[in-house]
Amino acid sequence: ELVTGFGKKPLGNADTEHQIRAPDAIANLVGLGTKKCVPCDASTPILSEKDVERLRNQVPGWRLGKSSEGKLSLFQDWKMKDFSSALTCFQRIGEVADSEGHHPDLHLTDYNQVRVELYTHAAGGLTENDFILAFKLNELDFSDLVPKRKMRLWA
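Since the structure is predicted, the reported quantities are computational estimates derived from the model, not experimental observations.

Please clarify how unusual backbone geometry should be interpreted in this entry.
Peptide bonds are trans in most cases, and residues, glycine excluded, mostly fall at negative phi. The backbone of Asp-110 shows a phi angle near 50°, a positive value even though the residue is not glycine. Position of Asp-110 relative to the elements: it lies in the loop between strand 3 (105–109) and strand 4 (113–118).

Would you explain the nonpolar core in this entry?
Note that soluble globular proteins tend to have their nonpolar side chains buried in a common cluster. Residues Trp-62, Trp-78, Val-114 and Phe-131 are the most contacted members of the largest nonpolar core, which totals 27 residues. Secondary structure elements with two or more residues in this core: helix 2 (49–56), strand 2 (72–79), helix 3 (83–100), strand 4 and helix 4 (128–138). Take this core: its biggest share by element is six residues, from helix 4.

So what exactly am I meant to see when it comes to the packing of helix 3 against helix 4 here?
One way to put it is that helix 3 packs onto helix 4 with a least axis distance of 10 Å and a crossing angle of 140°. One finds that helix 3 runs oblique with respect to helix 4. Along this stretch, helix 3 crosses helix 4, giving a crossing that reads as right-handed. Residues Ile-93, Val-96, Ala-97 and Glu-100 of helix 3 lie in contact with helix 4, whose contacting residues are Ile-132, Leu-133, Lys-136 and Leu-137. When the residues that make up the contact of helix 3 with helix 4 are grouped by side-chain class, the tally is six nonpolar, no polar and two charged.

Any chance you could explain the pairing of strand 1 (residues 63–66) here in plain terms?
Remember that side chains alternate between the two faces of the sheet whenever the strand is regular. With four bridges connecting them, strand 1 and strand 2 associate as antiparallel partners. Within strand 2, the residue paired with Gly-65 across the bridge is Ser-73. Counting the residues in the hairpin turn of strand 1 and strand 2 gives five residues, including Gly-70, whose phi is positive at 80°.

Whenever I open this one, a nonpolar patch on the surface confuses me. Can you help?
Where nonpolar side chains cluster on the molecular surface, the patch consists of Phe-83, Leu-87 and Tyr-111 and spans about 320 Å² of accessible area. Checked against the element boundaries, Tyr-111 lands in the loop between strand 3 and strand 4.

What am I meant to see in helix 3 here?
The terminal C-alpha atoms of helix 3 lie 26 Å apart, and with 18 residues this matches the ideal 26 Å at 1.5 Å per residue to within 8%. What helix 3 keeps buried is the set Ser-85, Ala-86, Cys-89, Phe-90, Ile-93, Val-96, Ala-97 and Glu-100. All buried residues of helix 3 lie within an arc of 145° about the axis, which places them on one face of the element. The inward-facing, buried residues of helix 3 abut strand 2, strand 3, strand 4 and helix 4. Structurally, the start of helix 3 carries an N-cap: the backbone nitrogen of Ser-84 is 3.4 Å from a side-chain oxygen of Asp-82. Directly beyond the C-terminal end of helix 3, a positive phi value near 70° is found at Gly-101.

Whenever I open this one, the sheet that holds strand 4 confuses me. Can you help?
The pairing of strands in a sheet comes from backbone hydrogen bonds and takes either a parallel or an antiparallel form. Spatial strand order, 1-2-4-3: four strands in an open sheet with antiparallel pairing. Every interior strand has two partners, whereas the edge strands, strand 1 and strand 3, have only one. When strand polarity is set aside, the average angle formed by the axes of neighbouring strands in this sheet is 35°. Alignment of strand 2 against strand 4, held across six bridges, turns out to be antiparallel. Residue Asp-77 lies in a different strand from strand 4, and its bridge partner there is Arg-115.

How should I be thinking about the packing of aromatic side chains in this particular structure?
Given two aromatic rings, their pairing is described by the distance between the two centres and the angle made by the two planes. Inspection of every chain in the model, using the stated rule, returns two aromatic pairs. Ring geometry for Trp-62 against Trp-78: centres 6.1 Å apart, planes inclined by 85°, an arrangement best described as edge-to-face. Taken as a pair, Trp-62 in the loop between helix 2 and strand 1 and Trp-78 in strand 2 lie far apart in primary sequence, 16 residues in all. Judged by centre distance (5.2 Å) and plane angle (75°), the ring pair of Trp-78 and Phe-142 falls under edge-to-face. Of this pair, Trp-78 sits in strand 2 while Phe-142 sits in the segment after helix 4; the two residues are 64 residues apart in sequence, bridging distant segments of the chain. Here Trp-78 and Phe-142 have matching classes, each one buried.

Analysis parameters
Residues numbered from 1 in each chain as written. Predicted model: local features only at pLDDT ≥ 70, side-chain atom pairs only at ≥ 80, totals over all residues. Heavy atoms only, no water. Helix = DSSP H or I, 4+ residues; strand = E, 2+ residues; numbered from the N terminus. Core = buried A, V, L, I, M, F, W, Y, C linked by side-chain atoms within 4.5 Å. Buried < 20%, exposed > 50% of the residue type's maximum accessible area, 1.4 Å probe, protein only. Axes fitted to C-alpha atoms, helices over the stretch in contact; angles between N-to-C directions. Parallel < 35°, antiparallel > 145°, perpendicular 65-115°, else oblique. Left-handed = near helix turned anticlockwise from the far one by under 90°. Contact = heavy atoms within 4.5 Å. Nonpolar A, V, L, I, M, F, W, Y, C, P; charged D, E, K, R; others polar. Pairing = 2+ DSSP bridges. Patch = residues over 30% accessible without salt bridge, like charges linked within 9 Å, V, L, I, M, F, W, Y side chains within 5 Å. Areas by Shrake-Rupley, 256 points an atom, 1.4 Å probe, with all protein chains shown as cover. Salt bridge = Lys/Arg side-chain N within 4 Å of Asp/Glu carboxyl O. Expected span 1.5 Å × (residues − 1). Arc of directions from axis to C-beta. Polar contact = N/O pair within 3.5 Å; in protein donor to acceptor, adjacent residues only side chain to side chain. Phe/Tyr/Trp six-rings, centres within 6.5 Å; stacked < 30°, edge-to-face > 60°.

Following this line, the structure appears as structure tokens:
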């Protein structure tokens, strides 16, 4: 572990879907999970590249991309079992977004492909609010909504 630096990124790697979750006692004391989204306007500063990279390590599975307006955004895709599961996913995301007062762009394509896109429209880019919401969305359990994985057996 010392050679690989495993302990240096205890909350996950930004470029993977795999997550290492901190114990609740620690997660409730540090990181984005302790924060709440704050109201933003056009004077809210967007994050620097350095801050974006630092915060990405706390939201594994979320990728950087460009919004339909050409702004830097965070996004994540999920494949749901069916159309009804995709709508249930939107409902769960909506409940968290409403409680935070920060609302993502939600996209549904091919009846079961869900994409969530985050960036602060009022500020014109990524703010800490986007990462706070991404962190809280990562805490949602979608296991009942996604297709069951087929077991692979090796001889």
